[in-house]
Amino acid sequence: MKKILICNQKMYLTKDEAINLSYDYNTIDFSNVELIVCPNYLNFEFFSDYDLGAQNCFYEDKGAYTGEISPYDLYLRGIKYVILGHYERRKYDTNEIINLKVKACVRNSIIPIICIGESKIDRELLKTSSVLKKQITTALSGVDLSDGYPVLIAYEPIYKIGSSNPLAKEEIEDTFKYIKKVLDDMKISNYKILYGGSVKSENIKDILSDEIDGYLVGASCTSASELNNIVKCIK
Ligand code: PGA
């Protein structure tokens, strides 16, 4: 099974930078990974050779919602995935809003990439399990996945996003066991669990594991050489 590699370009790139990066992506051999590129909305067109994900969407399909992006329109434009609940958006979106957005994605045949993660204090106070359980169960509450509809869970400890090192492999694996249990208890069958947070070429070897279905990469995906080295390590 190939590892999934999600490139979350965040708001890092202007138009010209995105165009240049797209040329560089074309020189990378991505054949050993399942690549999902998540540019900002304005830069989708430059990465149309790849499976595309949006970094957010609204929970209604159409209407008087100034400044929002419709999941229905994303679907019509061939966008296959949407990242939801990323930590950098959780100050705007509650677990309940994320749940509405997950439902909107599934309603529109888009695969949700649901980001979850605890804070450093949560981990120190041994609250990781309860925080993750709440995030997962609320995000997926009332979402009918009984027919095997796919869902991706990206586990991103908050304090590891944009930091110098990822979480230690053993801690990732332990946490994944718990996430799997929560999903299994909810009778969700078609899921993949990814790790995100400071994944870089210099550390990817340390966090390769059969237990990890893939990686969500932020800053490193905006450098073609970094990304190329990460891809080469994921075999
Ligand atoms: P990072 O970002 O790889 O720059 O830590 C990951 C993320 O926020 O999705």
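Analysis parameters
Residues numbered from 1 in each chain as written. Predicted model: local features only at pLDDT ≥ 70, side-chain atom pairs only at ≥ 80, totals over all residues. Heavy atoms only, no water. Helix = DSSP H or I, 4+ residues; strand = E, 2+ residues; numbered from the N terminus. Buried < 20%, exposed > 50% of the residue type's maximum accessible area, 1.4 Å probe, protein only. Lys, Arg positive; Asp, Glu negative; His and termini not counted. Charge placed at Lys NZ, Arg CZ, Asp CG, Glu CD. Polar contact = N/O pair within 3.5 Å; in protein donor to acceptor, adjacent residues only side chain to side chain. Contact = heavy atoms within 4.5 Å. Axes fitted to C-alpha atoms, helices over the stretch in contact; angles between N-to-C directions. Parallel < 35°, antiparallel > 145°, perpendicular 65-115°, else oblique. Left-handed = near helix turned anticlockwise from the far one by under 90°. Nonpolar A, V, L, I, M, F, W, Y, C, P; charged D, E, K, R; others polar. Near = heavy atom within 4 Å. Areas by Shrake-Rupley, 256 points an atom, 1.4 Å probe, with all protein chains shown as cover. 1 Å grid on protein atoms, 1.4 Å probe; cavity = no way out; pocket = protein on both sides within 12 Å on 5 of 7 lines; lining within 4 Å. Points joined across faces, edges and corners; volume = space filled by probe spheres on them. Phe/Tyr/Trp six-rings, centres within 6.5 Å; stacked < 30°, edge-to-face > 60°.

A. Representation of the overall build of the chain in the model. Across its full length, the chain carries 7 helices and 8 strands. Taken over the C-alpha atoms alone, the chain extends approximately 45 × 45 × 30 Å along its principal axes. Looking at the chain as a whole, 52% of its 235 residues qualify as buried. One finds the centroid of the 29 positive side-chain charges in the chain at a distance of 3 Å from the centroid of its 33 negative side-chain charges.

B. Seen up close, the side chain of Asn8. Inspection of the secondary structure assignment puts Asn8 in strand 1 (residues 3-8). The exposure class of Asn8 is buried, given its relative accessible area of 3%. A distance of 3.1 Å separates the side chain of Asn8 from the backbone nitrogen of Lys10, its partner in a polar contact. The contacts of Asn8, once residues within four sequence positions are left out, are Cys38, Gln55, Ile83, His86, Leu216, Val217, Gly218 and Cys221.

C. Looking closely at the packing of helix 5 (residues 128-139) against helix 6 (residues 169-185). Contact geometry of helix 5 with helix 6 gives a least axis separation of 10 Å together with a crossing angle of 40°. As the angle between them shows, helix 5 and helix 6 are arranged oblique. Seen from above, helix 5 lies across helix 6 with right-handed handedness. Residues Thr128, Ser129, Leu132, Lys133, Ile136 and Thr137 of helix 5 pack against Thr175, Tyr178, Ile179, Val182 and Leu183 of helix 6. Residues belonging to the contact of helix 5 with helix 6 are distributed by class as follows: 6 nonpolar, 4 polar and 1 charged.

D. Examining the side chain of Lys101 more closely. Looking at the secondary structure, you find Lys101 in helix 3 (residues 95-107). At 2.8 Å, the side chain of Lys101 forms a polar contact with the side chain of Asp93. If near-sequence neighbours (up to four positions away) are discounted, Lys101 is found in contact with Asn56, Cys57, Phe58, Tyr59, Leu84 and Asp93.

E. Main features of the site of the ligand. Lining the immediate surroundings of the ligand are 13 residues, of which Lys10, His86, Glu156, Gly162 and Ser198 lie closest. Between His86 and the ligand, the recorded distance is 2.7 Å, taken from a side-chain N or O atom to an oxygen atom. Take Gly162: an N or O atom from its main chain is 2.7 Å from an oxygen atom of the ligand. Protein coverage of the free-state accessible area of the ligand, which is 280 Å², stands at 97%. Residues that form the shell around the ligand fall into these classes: 4 nonpolar, 6 polar and 3 charged.

F. Expanded view of empty space enclosed by the protein. This model, assessed by the stated rule, comprises 1 cavity of 30 Å³ or more. Taken as a whole, the largest cavity encloses approximately 40 Å³ of empty space. In this structure, the largest cavity is lined by Gly85, His86, Tyr87, Arg90, Cys115, Ile116, Gly117, Gln135, Glu156, Ile158 and Ile161. The class makeup of the residues in the lining of the largest cavity is 5 nonpolar, 4 polar and 2 charged.

G. Representation of the packing of aromatic side chains in the model. In this structure the tally under the stated criterion is 9 aromatic pairs. Relative to Tyr50, the ring of Tyr25 lies with its centre 6.0 Å away and its plane at 70°, an arrangement referred to as edge-to-face. Taken together, the positions of Tyr25 in helix 1 (residues 15-25) and Tyr50 in the loop between strand 2 (33-38) and strand 3 (51-54) put the pair 25 residues apart, joining distant regions of the chain. Tyr50 carries the same exposure label as Tyr25, and that label is buried.

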